[in-house]
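# Structural features, examined
Spelled out from the first residue to the last, the chains are:
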Amino acid sequence: MYFHKECGIKPIKGKMTQGIVHRQSDYSIISKKSRNWDGEKGVAGMQVGVRDTISIHCDGTRLSTKLTSLTKRAEGNPKYKFTSVTKPLITEGFLKECFWELKRNKSPGIDGVTIEGYEKNLGENIKALRAKLVSWEYKPQPLKRVYIPKADGTKRGLGMPAVEDKIVQMGIAKILNAIYEVDFLEVSYGFRPKRSAHQALNAVDKTIMLEPINCVVDMDIRKYFDTINHEWLMKCLKQRITDTNLLRLIGRFLNTGIMEEGKYREIDKGTPQGGIISPILSNIYLHFILDLWFEKKMKKELKGYARLVRYADDFVILFEIEQEAKEFGEKLKHRLDKFGLSIAEDKSRIISFGRKVWQEAQKDGRQIETFNFLGFTHFCDKTLRGGFKLGRKTSRAKYIQKTKAMNKWLKAVRNQAKLLEWWKIFKMKLAGHYRYYGMSGNYEAINGFYLLAKKLAYKWINRRSQKKSFTYEQYSRFLSFNPLPKPKIYHSIYMSSH
């Protein structure tokens, strides 16, 4: 794997990671009438993750074989550049497969066409889409901009593509994942097959507990998805892909404008969140700019131990030597600035942290700073025997955000459906919260969320009309017949071997 010489990365020899393993169990087939798959509204036909490849026959072609061949070629030769990957894959069968993978519960784009509406004439629509792609008459529609609240009180802008654009983006994402997954390093955990946020959290725990860590560089990239430099991103893509058709198609998506409150606005940087292609493009960008730079260049200049753990644009770097951490922090700012990115100073810190730091603080009676990563606040804690351990709990910002969201949902749903109907969804929401935040040491926080959610439900049930629906005794009886899921630790750090 090579990168542009200006980036300071030398050629890398050999394989970096193992290739993708494709198994029959990686996908599930459900009926067209089904609307429930994995706890959410399902998709008719076949449901497969963006990064999975599957063995089905479309137009007489085994699509998984084509994608797998790209992966094997990329894995076998890190210097190989793909010259023709678009035309063989842009078939009606491939596009239909991409359509069936789209989530049904998403808002439509600016044209107002829904998944269900597009499906009514799916054969004709796909045929017309392929014709436009082959003749290069296809142009993505502007994104519909919507905003969602963030934990810090600000709002995050999402770009909602039209259904047809989602189909094409899904196809591009499949191709890019098949090629780049074998190049991504072990430090990266976000938006990758068989990798998760909990694995990243496990890696942080094991590193702090087992390695001589004394300092944490906790950096946040300001508006990362909105500030990715298009020119540099295309240079990153060209390290593996020279297929001008695919590069031109990606370029069209990058330069697609945004419709916001009825006004069109052009964009010259960023990969708007909400698009299917955004996760893989953002991973490719940071792979070259951060991961390779740190692992292949910066670590050679360090005397002490250091480890990077990244999930999408959220990352921490754990250091043994504090002075090296501070020097790296300055170099990182210059590195990101070179590629059009910047550090959010108000969210970035370099703190003393680790076993030795905790032991010294215990003697002096000092408090040690904490850091946030993937929705958890990490702090120095002690075991029942008085030894050191890494503690974690739901971050205050995330806890407030989740409780506000739950309160808003309960308020809105109480008069929209019968109690027993929305109660099922309420139970699923609680279970989903436990499944993410139910990590070792965080039981108190998820139990607090459970108790508060139960109180909020009682409050809004009784505000469906001027007359109270339940006394608390009646509510307790209702709960005995319709119990809410109890808090549970789903991810045990201490049992994990990763």
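What comes next is a walk through the structure. (Residues numbered from 1 in each chain as written. Predicted model: local features only at pLDDT ≥ 70, side-chain atom pairs only at ≥ 80, totals over all residues. Heavy atoms only, no water.)

### Some thoughts on the environment of K347
Along the polypeptide, K347 turns up in the loop between α11 (322-338) and β12 (349-352). Considered as a pair, K347 and I221 are 126 residues apart in the sequence and their alpha carbons are 8.8 Å apart. (Helix = DSSP H or I, 4+ residues; strand = E, 2+ residues; numbered from the N terminus.)

### Some words on the pattern of salt bridges
Counted by the stated rule, this structure contains 19 salt bridges. Measuring nitrogen to oxygen at the nearest pair gives 2.8 Å for the salt bridge that ties K132 to E164. You can see K132 sitting in helix α4 (residues 122-135) and its partner E164 sitting in helix α5 (residues 163-180), a full 32 residues away along the chain. Among the residues examined, E164 registers a relative accessible area of 16% and is labelled buried. K206 is paired through a salt bridge with D205; the nearest N and O atoms lie 3.8 Å apart. Through salt bridges with shared partners, a single network forms among E97, E101 and K174. (Salt bridge = Lys/Arg side-chain N within 4 Å of Asp/Glu carboxyl O. Buried < 20%, exposed > 50% of the residue type's maximum accessible area, 1.4 Å probe, protein only.)

### Quick notes on unusual backbone geometry
Phi is positive for W136, close to 60°, though the residue is something other than glycine. Residue classification places W136 among the partly exposed residues on the basis of a relative accessible area of 21%. Phi at F191 is positive, roughly 55°, even though this residue is not glycine. With respect to the helices and strands, F191 occurs in the loop between α5 and α6 (197-210). Its relative accessible area of 31% is what places F191 among the partly exposed residues.

### Considering the packing of aromatic side chains
Evaluated as defined, the whole model comprises 27 aromatic pairs. Arranged with centres 5.0 Å apart and planes meeting at 80°, the rings of W423 and F478 form a pair that is edge-to-face. Linking W423 in helix α14 (residues 419-437) with F478 in helix α16 (residues 472-481), this pair joins segments that are 55 residues apart in sequence. When its relative accessible area of 2% is taken as the criterion, W423 is described as buried. Feature note: the residues W409, W422, W423, F426, Y458, Y472, Y475 and F478 constitute an aromatic cluster, connected by ring pairs. Lying across the ring of W136, R248 places its NZ or CZ 4.3 Å from the centre. (Phe/Tyr/Trp six-rings, centres within 6.5 Å; stacked < 30°, edge-to-face > 60°. Lys NZ or Arg CZ within 6 Å of the ring centre and 35° of its normal.)

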